[in-house]
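Remarks on the overall topology
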Amino acid sequence: MSKNLLIVLLPLAGSLITGLLGRRLGNRLSQLVTIAGVGLAMLISIQVFLAVAVGEAPVIHEPVFSWIVSGDFQVAFALLIDRLTAVMLIVVTGVSTMVHIYSVGYMAEDPDQPRFFSYLSLFTFAMLVLVTGDNFLQLFFGWEGVGLASYLLIGFWFKKESACNAAIKAFLVNRVGDFGFALGIFAIFMVFGTLDYQQVFHMAATGQFPPTVDFLFWGPVDTITLICLLLFVGAMGKSAQLGLHTWLPDAMEGPTPVSALIHAATMVTAGVFMVCRASPLFELSETALAVVTIVGALTAFFAATVGLVQNDIKRVIAYSTCSQLGYMFFAAGVSAYAAAMFHLMTHAFFKALLFLGAGAVINAMHHEQDMRRMGGLKAKIPITYALMMIGTLALTGFPFLAGFYSKDAILESAFAAHTATGTFAWTLGILAAVMTTFYSFRLVFMTFHGRPADRHAWDHAHEAPWSIRAPLLVLALGAVFAGWIGMPLVGEGWFGPGVFVAAGHDALAHSHHVSAWVKWLPFGMFLIGLGLAWYLYIKNPNLPPAMAEVWAGTYRFLANAWYFDRLYDTLFVGPAKAIGRGLWKTGDETIIDGYGVNGLAATCVRLARRMGRAQTGYVYHYAFAMLVGVLVLATWYG
Amino acid sequence: MPVPMPDINLIALLPEILILLVAMGVLLLTAWSRETTQPLLGLVAMAGVALAGGILLIQTGMTTTTFGGLFVLDPFASAMKLLMLVATLLPLLMSWDYLARHRLDIGEYFVLTLFALLGGMLMASSGDFITLYLGLELMSLSIYVLAAFNRDDPKSNEAGLKYFVLGSMASGLLLYGISLIYGGAGGTGFAAVAQAMGEGGGHAPGIGLRLGVVLVLAGMAFKIAAAPFHMWAPDVYQGAPTSVTAFMAAMPKIAGFAAIYRVLLEPFGPMQSQWGPILQFLAVASLAVGALAAIAQTNIKRMLAYSSIGHVGYALIGLASGTELGFRSVLIYLAIYIFMNLGTFALILVVNNAGVGDEINDYRGLAKKRPLLAFLMAIFMFAMAGIPPLAGFIGKFYVFMAAVKAGMIGLAVTGVLFSAVGAYYYLRVVQRMYFEEAETAFRMEVGLLSRLVIAVSTLAVLYWGLLPGGLIDWAEASIRPLL
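Predicted model only: the values in this text are computed from it and were never measured.

Let us look at the overall build of chain A. Tallying secondary structure elements over chain A gives 25 helices and 4 strands in all. Scored against the burial criterion, the 638 residues of chain A give a buried share of 58%. For chain A, long-range pairs separated by at least 24 residues make up 79% of all intrachain contacts whose partners lie at least 6 apart in sequence. In the form shown here, chain A has an accessible surface area of approximately 25700 Å², with 68% of it arising from carbon and sulfur atoms.

This paragraph deals with the interface of chain A and chain B. You'll often see interface size given as the accessible area lost when the parts meet. If you look at the interface, chain A gives 21 residues, while chain B gives 33 residues. Here chain A packs against chain B, burying approximately 2400 Å² in sum over the two surfaces, 83% of which is carbon and sulfur. Where chain A meets chain B, there are 0 salt bridges. For the pair chain A and chain B, the interface holds 4 residue pairs in polar contact (both at pLDDT 80 or more). If you list the elements that add at least two residues to the side of chain A that touches chain B, you get helix 24 (564-614) and helix 25 (619-637) of chain A.

Residues and elements named next belong to chain B. Packing of helix 12 (residues 251-265) against helix 14 (residues 300-321) leaves a shortest axis separation of 12 Å and a crossing angle of 20 degrees. Viewed along their axes, helix 12 and helix 14 adopt a mutual orientation that is roughly parallel. Here helix 12 and helix 14 pass one another in a crossing that is right-handed. Here K253, F257, I260, Y261 and L264 of helix 12 lie close against helix 14, whose contacting residues are S308, V312, A315, L316 and L319. Here the contact of helix 12 with helix 14 is built from residues that sort into 8 nonpolar, 1 polar and 1 charged.

Glancing now at a positive patch on the surface. Residues and elements named next belong to chain A. A surface patch of like charges, here positive, comprises R606, R609, R610 and R613. Examined against the element boundaries, R606 turns out to sit in helix 24. According to the relative accessible area criterion, R606 is partly exposed, its value standing at 46%.

This part covers the nonpolar core. With 220 residues, the main nonpolar core has F136(A), F192(A), L231(A), L281(A) and F282(A) as its most contacted residues. A per-element tally of this core places helix 14 (residues 337-364) of chain A first, with 21 residues. Ignoring anything within four residues of it in the chain, the contact list for F136(A) reads I185(A), I188(A), L195(A), Y197(A), V200(A), F201(A), L231(A) and L281(A). Ranked by size, the runner-up nonpolar core spans 202 residues in total, among them A250(B), V312(B), L373(B) and V430(B).

The next point concerns a nonpolar patch on the surface. On the surface, I8(B), L10(B), F67(B), L70(B), I130(B) and L134(B) cluster together into a nonpolar patch covering about 520 Å² of accessible area. Structurally, F67(B) is set in the loop between strand 1 (64-66) and strand 2 (71-73).

Quick look at the side chain of R262(B) now. All names here are of chain B. In this structure, R262 sits in helix 12. Here R262 falls in the buried class, since its relative accessible area comes to 0%. In contact with R262, other than residues within four places in its own chain, are V72, D74, F76, A77, M123, A124, S125, S126, F190, P267 and L482.

Side chains carrying opposite charge are able to pair once their charged atoms draw close together. Evaluation of the coordinates by the stated rule reveals 25 salt bridges over all chains. A salt bridge links R23(A) to D112(A); its shortest N-O distance comes to 3.9 Å. Placement of R23(A) in helix 1 (residues 3-54) and of D112(A) in the loop between helix 2 (83-106) and helix 3 (113-132) is noted, with a sequence separation of 89 residues between them. For R302(B), the salt bridge identified is with D235(B), shortest N-O distance 3.1 Å.

Before going further, it helps to spend a moment on the environment of S450(B). Residues and elements named next belong to chain B. Within the element layout of this structure, S450 appears in helix 20 (residues 448-466). The class for S450 is buried, based on a relative accessible area of 4%. Taking the C-alpha atoms as reference points, S450 and P91, 359 residues apart in sequence, are found 9.4 Å from one another. In contact with S450, not counting residues within four places along its chain, are M94, D97 and V350.

What follows concerns unusual backbone geometry. Here the amide bond leading from A227(B) into P228(B) is cis, since omega sits at 0 degrees, within 30 degrees of zero. By the secondary structure assignment, P228(B) is in the loop between helix 9 (207-223) and helix 10 (232-239). Even without being a glycine, A240(A) presents a positive backbone phi close to 55 degrees. If you trace the backbone, A240(A) turns up in the loop between helix 7 (223-238) and helix 8 (247-250). The exposure class of A240(A) is buried, given its relative accessible area of 0%. With a phi close to 55 degrees, F67(B) is a non-glycine residue in the positive phi region.

What follows deals with the pairing of strand 4 (residues 218-222) of chain A. Residues and elements named next belong to chain A. Taken together, the 4 bridges between strand 3 (residues 212-215) and strand 4 define a ladder with antiparallel strand orientation. In the strand pairing of strand 4, V213 is matched with V221. From the end of strand 3 to the start of strand 4, which pair antiparallel, there are 2 residues, and L216 there has a positive phi angle of about 45 degrees.

Another point: the packing of aromatic side chains. Enumeration over the complete set of coordinates arrives at 57 aromatic pairs over all chains. Centre to centre, the rings of F65(A) and F77(A) are 5.1 Å apart; their planes meet at 5 degrees, and the pair counts as stacked. Here F77(A) lies in strand 2 (residues 73-81) and F65(A) lies in strand 1 (residues 60-70), a separation of 12 residues in the sequence. According to the relative accessible area criterion, F65(A) is partly exposed, its value standing at 43%. For the pair Y163(B) and F222(B), a centre-to-centre distance of 6.3 Å together with 35 degrees between the ring planes defines the contact as tilted. Separated by 59 residues along the polypeptide, Y163(B) in helix 7 (residues 154-185) and F222(B) in helix 9 bring together distant segments of the chain.

Quick look at helix 8 (residues 190-198) of chain B now. Residues and elements named next belong to chain B. All buried positions along helix 8 are accounted for by F190, V193, A194, A196 and M197. End-on view of helix 8: buried residues confined to an arc of 165 degrees, all on one side of the axis. Exposed residues pointing more than 90 degrees away from the buried face of helix 8 are listed as A191 and Q195. Of the surrounding secondary structure, the elements contacted by the buried residues of helix 8 are helix 6 (129-147), helix 7, helix 9 and helix 12.

What counts, and at which threshold
Residues numbered from 1 in each chain as written. Chains lettered and ligands numbered in written order. Predicted model: local features only at pLDDT ≥ 70, side-chain atom pairs only at ≥ 80, totals over all residues. Heavy atoms only, no water. Helix = DSSP H or I, 4+ residues; strand = E, 2+ residues; numbered from the N terminus. Buried < 20%, exposed > 50% of the residue type's maximum accessible area, 1.4 Å probe, protein only. Contact = heavy atoms within 4.5 Å. Areas by Shrake-Rupley, 256 points an atom, 1.4 Å probe, with all protein chains shown as cover. Buried area = accessible area lost by both parts, 1.4 Å probe. Salt bridge = Lys/Arg side-chain N within 4 Å of Asp/Glu carboxyl O. Polar contact = N/O pair within 3.5 Å; in protein donor to acceptor, adjacent residues only side chain to side chain. Axes fitted to C-alpha atoms, helices over the stretch in contact; angles between N-to-C directions. Parallel < 35°, antiparallel > 145°, perpendicular 65-115°, else oblique. Left-handed = near helix turned anticlockwise from the far one by under 90°. Nonpolar A, V, L, I, M, F, W, Y, C, P; charged D, E, K, R; others polar. Patch = residues over 30% accessible without salt bridge, like charges linked within 9 Å, V, L, I, M, F, W, Y side chains within 5 Å. Lys, Arg positive; Asp, Glu negative; His and termini not counted. Charge placed at Lys NZ, Arg CZ, Asp CG, Glu CD. Core = buried A, V, L, I, M, F, W, Y, C linked by side-chain atoms within 4.5 Å. Pairing = 2+ DSSP bridges. Phe/Tyr/Trp six-rings, centres within 6.5 Å; stacked < 30°, edge-to-face > 60°. Arc of directions from axis to C-beta.

Here it is in structure tokens:
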């Protein structure tokens, strides 16, 4: 067993040990075991990263075992670590370790800590399987594994009804996406006869596939476009893109460390990773790329608008995540995969920082999440304030912090693509950037500045323990330096064979040569957003409520997130319930139970009674029955 | 004038002779012993049964006829007699406490049991309708009295009387059938009858013989309580002392099946196209009655009466198939049935020691008070319902397999469906034991002998459920010489 395999196995071992023996181990040992597991996995990941990504070590490709061997269908369980995976390994194990440590303090009062840590490690394992796979099935295994862990963790406080509903919603919405994703994988197997990345990509590059296939009721459709769009449906579900995004804000019902790890830094970026991983396929379909770009851009814009009016501190960050994922997708859509991965990495650090910082605030305010009841916390929890400020500046693209590099790379690539969709994405991206700055500083101002809205809570606010602050500090370092360190990622061909860019799709290369105004426009947007936020929440704090009244319709539209939930309720949930009820009442209870199960049982009981009545106890009745029997036998068979 | 010496080989009758001697010895001792020492006669009886079993084991594999073909000893007879001995010994062992408590443990009880056994053994070894009839009457008369043995209980008297009246009528049918056959075949020996039956040269034999077959089978069906000749069973099972019920549900059934085997395979061998449908009819009727009527029962002995009717239905499926596999499957079924049934009755007798246990509701909450007893009872109920990996499943499986192989898919499907219906009332007992609150404290001793019987039955049910190989080989070896 190679040490690389330990990266995947250690978190699994931690999860199994605490999951099975948690009660016997107790809280402290459970924490130690899982933290040791992911911590060691992180150290090995760093070593592998240094070798593969910083050094020039060859791609690691180790078979682990034959998973499925069934005739022509052969799938291996393997370890594939190229630079694409190496980046993901650092992000996943790094953030996961920080979140594990953070949870020691954050979950200190929870009675079910072993279960929590077991789930966290289970998630880490599944995510690592996802990123290290060398074939689509292993990717799918990890994909579903993280979905399961996400479900378990969102519903971790299962006594809270809203948490259970959110968990089910996350699971169901993801099912929709995963249905498309699974169809995409089926299509790949049908077309290429294998699920192995190398073979599939090789065959795709050399054109060894039928140009069109029949899909459902559509006649012949372009093979690669179909596959890519189906895969992208999966990515939309997992990465909360417009249309399948509704679960992400609700997922904030889970504990805050979970939001930071799963719903900001890692799982939701799995879609982006998958699109980058499958770039040799996506590159072959202009249609698919255009769809990815448009969906990404719309999501970036939509989520930013909704983020403007949210009052729950975690929901603001959740919509922000949704929006930033949109950025990553449209970067991938204009073939700037490296920029997408770059932003994925920097975003993981500063968004985890923001979430964990928000957790520290919530912790300080005794589980208060409504920003309207905060304010003035700057004086009480200065360290958290400083860390949150770093995260906010990194997110909003303040020069030389992480987001500045990666977001600019994305916007410049979109601009440099010089395509209609690219320009469309760039326009929406610039608008979203203003809003990003606005809602981020709105969050900071409402929470930390101004006068305390709830004097009593403010009085009792306190700085978090070190187990919470330490991970924040580490992540803050990442938020400050990740962009600067990660610049090489967007350099020419850094990802090597991991990412394929077709000839002519050179938006990223051109992005380095755009005019100065394009380069500085995002910073201008930052200043506008900051100024607006300052004007509305520091200078004139009475203005926002007044505006909400004047533009009540717009406000409600945004506050209800463009009414997506209500639309889905009417379109899908309502009819589904009606059909379910119909099948239950009429189909099941009346027909199957009524005539089938219960009907048969009732018939049996009726017959039993009748036979019981025949058993009169009179000997002559019995004798008569015997004679009738003889008569029947004698006449029929005699 | 030389008198021809009849060929008499007493060695072949050694087990029967032994049982006879023990029975008469016990009868004599009963007359002269004091009331307090009479229970000890049970030990003598049991020792005699055990010794006869030992002789049978030595005789296994012997094939001979004696008394001019009236008496047959072959592996099949030995196997059936062995089962009958087990079905006699185990009820005696487990009813030790019961008999003492009800003051039934007097010499006559054991004498009658032994005579019933002797009659059954003769049936299994009969080579002539006369032997068959004699054995049957000996067995039946003894059991009539046993059913009424609890003289102070009107229900017991009623049971005995009903059984006697209806049994006499069944004997009448049987005798009428035998006389018709004698009229058609000119003899009562099985070989002679078989020859006459086969003489048609493809044509059906005369109406007399055909009616004879029907009447003989009807008489036998009464003994094994196959529907529609079953109606005595629930009343008699319920009314008779529980120890007698346990005996009655086991030994006479084996004897009845042994006689049916003999008759079907030897004198009626050429008439398979006639008796096949008759047995199918009896099988389906018994399955229906066994499964459906049991649902409405509240008395556990009555329920088990219907249950045994159902089991007879399954066994008849195997016979109706008329193939080697079918005959073998019935033997397997009977062996398993004895242990399932006797295990259940042993547990009922144990619970009876607490003064309850006749009603199904008496078992409420048994699992909480006596978890082991409830668990064992659940095992027997699951076994009777035919749930793997218990032996009851193996029994049903082979019977159904025989039917399917013989092309009687419909019969097999009927059997499976009724077995699903039947599962309901077995599981109801489990439900009462495990999911309801106890009303009784279930304070009772579990005697050593009862423990022994329960342990043996449980082991048999578990062992044959998992490793039926030995049982199957035994059945095959026993049945082959007959075919």
